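Here is what each chain is made of, one letter per residue.
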Amino acid sequence: MQRKTFDFILSLIGPKISENVVKPGRPSVSPETQLLLTLWILGTPDSYRSVSDRFNVGKATAVISVRRVVKALYDHVHTFIKWPIADEMETSIRVFRAVKGFPNVIGAIDGTHISITAPKNNAEAYVNRKGYHSMQLQAVCNENGMFIHCFTGYPGAVHDQRVFQNSDLPEFFRNDTQFPDDVHILGDAAYKLHKHLMVPFKDNGHLTDIQKNFNMCHSSTRMAIERAFGLLKGRMRRLLDTLPMTREDLIPKYIITCCILHNICLLKQDQFQPLAVAISNNASAVEILATREPDGGGRDVAIRKRDVIAAELPMQIGA
C-alpha cells in the first residue's frame, strides 16, 4: 500500500481509534501503529503472536487494535461500497461493451469462499464442497474491478443461488433506480437467468454458433469479477490463507473491511499486480442441472432478451 493511501485511511479513522487500547500505566498504541498492525494482519498470513512481536505489543492488544480498526472502517461501508448512479452506469456500459460488444452491462457477479477457522457453533455447516471451513462472499464489481455490492455471512455449505436469493440483489431487480433502461449484470452458470442477470447458455453439446459466440463474449466480459477477486486476495493475503477467528458475528465484518480497503486502493490508484490464482468457485454439473434453471418470474422475458443479445452480438468465434 502506498503512503498516500495509508495517510488517507489514517485521516479517515484516526479519531475513532485514538483512545488508549492498553491497560493504564502502559504506553499507548498510536492510531498509526494500530492501522499498520491491522494492515499487516489482513495483508499477510502471519500469526497474531508474530505480528505482536513485530510491533512490540501484547497479543491481546494486537487483537483489540485490529477489531477497533476493522469496526472503524466497517462504519464507512456505504461510502466505499455503493451501487452506481446513472452517470457511472453509462461509463460501465461503454467500457464493458468495448471488451466483446456485450451491451448494457453495469457489473459482473460471482462468489468466492473465504477460509476460516472451524467455528465453535455448527462447524459442520461451514464445510464447503472442497472439504474446508469457509464463509461465502458474493460480490458485484464494475468495469474497474471496484466492488459495488458485497454480501457475506453464509456458511460455505450453502448453495450459491441461496446466497443470492437471501441478499438484497433480488430486491434491486425490482427497483428501476438500480436497474434502469433494461441494464443487467453478468453471472456464470451458478445463477438463474433473469432479465437483469444474464448467464451463459447451458452447453448440452448442441449449441449453435450464435449461442457459442454469446457464451464466449459473456465469459470475456465477466472476467472483471475474477480479476477483482484476484486483486482482493492478492492485497489481503489473509483471505488466501485462513481468517484467525471463530466468532461468526465478526468474520463478515473482517471480510467486508477487506473489500473496503480494496476499493479505497482503487480510488487512490494504488497499483497492484493481481495474483494468478484460481478464485472462481464453479459448482458441479449436478448442482447446475438440479437447481439453476431459469426461474419462473419473467422467465420468458429473460430468455427472449438473451436470444436477442446473442443474435446481435458481433460474431467473434475464431477471431
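Preceding this section is the structure that the text describes.
What counts and how
Residues numbered from 1 in each chain as written. Predicted model: local features only at pLDDT ≥ 70, side-chain atom pairs only at ≥ 80, totals over all residues. Heavy atoms only, no water. Helix = DSSP H or I, 4+ residues; strand = E, 2+ residues; numbered from the N terminus. Expected span 1.5 Å × (residues − 1). Buried < 20%, exposed > 50% of the residue type's maximum accessible area, 1.4 Å probe, protein only. Contact = heavy atoms within 4.5 Å. Patch = residues over 30% accessible without salt bridge, like charges linked within 9 Å, V, L, I, M, F, W, Y side chains within 5 Å. Areas by Shrake-Rupley, 256 points an atom, 1.4 Å probe, with all protein chains shown as cover. Salt bridge = Lys/Arg side-chain N within 4 Å of Asp/Glu carboxyl O. Lys, Arg positive; Asp, Glu negative; His and termini not counted. Charge placed at Lys NZ, Arg CZ, Asp CG, Glu CD. Pairing = 2+ DSSP bridges. Phe/Tyr/Trp six-rings, centres within 6.5 Å; stacked < 30°, edge-to-face > 60°. Polar contact = N/O pair within 3.5 Å; in protein donor to acceptor, adjacent residues only side chain to side chain.

## Looking at helix α2 (residues 31–43)
Its 13 residues give α2 an end-to-end C-alpha distance of 18 Å, which sits within 8% of 18 Å, the value for a rise of 1.5 Å per residue. The complete set of buried residues in α2 reads Q34, L35, L37, T38, L39, I41, L42 and G43. Residues of α2 that are buried sit in contact with α1 (3–13), α3 (48–55), α4 (59–74), α9 (209–235) and α10 (251–267).

## Focus on a negative patch on the surface
A grouping of D87, E88, E90, D176 and D181 is seen on the molecular surface, where their side chains present a negatively charged patch. Within the fold, E90 resides in helix α6 (residues 86–100).

## Some details on the environment of G156
Position of G156 relative to the elements: it lies in the loop between β3 (147–155) and α7 (160–166). By relative accessible area, G156 is classed as buried at 5%. Note: C-alpha distance between G156 and Y132 (24 residues apart in sequence) is 8.4 Å. Contact partners of G156, with chain neighbours within four places excluded, come to H113, A125, Y126, V127, N128, S134, M135 and Q136.

## Here's the deal with the pattern of salt bridges
A full pass over the atoms with the stated rule returns 9 salt bridges. Residue R3 pairs with D7 through a salt bridge whose shortest N-O separation is 3.0 Å. Of this pair, R3 and D7 both sit in helix α1, 4 residues apart, which is roughly one turn of that helix. Measuring nitrogen to oxygen at the nearest pair gives 2.7 Å for the salt bridge that ties R174 to E171.

## Points about the pairing of strand β1 (residues 105–115)
Counting buried residues in β1 gives 11 out of 11 residues, a clear majority hidden from the surface. Bridge analysis of β1 against strand β4 (residues 184–186) gives 3 bridges, and the strand direction is parallel. Looking at the pairing, G107 lines up with I185 of β4. Taken together, the 8 bridges between β1 and strand β2 (residues 134–141) define a ladder with antiparallel strand orientation. Of the residues in β2, the one forming a bridge with T112 is L137.

## Observations regarding the packing of aromatic side chains
Each aromatic ring pair is specified by the distance between its two centres and by the angle formed by the two planes. Under the counting rule described, the total for this entry stands at 11 aromatic pairs. Between W83 and F172, the aromatic rings sit 5.2 Å apart at their centres with planes inclined by 80 degrees, giving edge-to-face as the arrangement. Here W83, found in the loop between α5 (77–80) and α6, pairs with F172, found in helix α8 (residues 169–173); they are 89 residues apart in sequence, far enough to count as distant. Between F201 and F214, the aromatic rings sit 5.1 Å apart at their centres with planes inclined by 75 degrees, giving edge-to-face as the arrangement. Of this pair, F201 sits in the loop between β5 (197–198) and α9 while F214 sits in helix α9; the two residues are 13 residues apart in sequence, bridging distant segments of the chain.

## Section: the side chain of H113
Its place among the elements puts H113 in strand β1. A distance of 2.8 Å separates a polar atom in the side chain of H113 from a polar atom in the side chain of S134.

## A short note on the environment of K192
Inspection of the secondary structure assignment puts K192 in the loop between β4 and β5. The spatial distance from the C-alpha of K192 to the C-alpha of Q161 is 7.5 Å, given a sequence separation of 31 residues.

## So, unusual backbone geometry
The backbone phi angle of D181 is positive, close to 55 degrees, even though this residue is not glycine. Looking at the secondary structure, you find D181 in the loop between α8 and β4. Relative accessible area serves as the criterion here: at 72%, D181 is assigned to the exposed category. A positive phi angle, close to 65 degrees, is found at D182, a residue other than glycine. In this fold, D182 is placed in the loop between α8 and β4.

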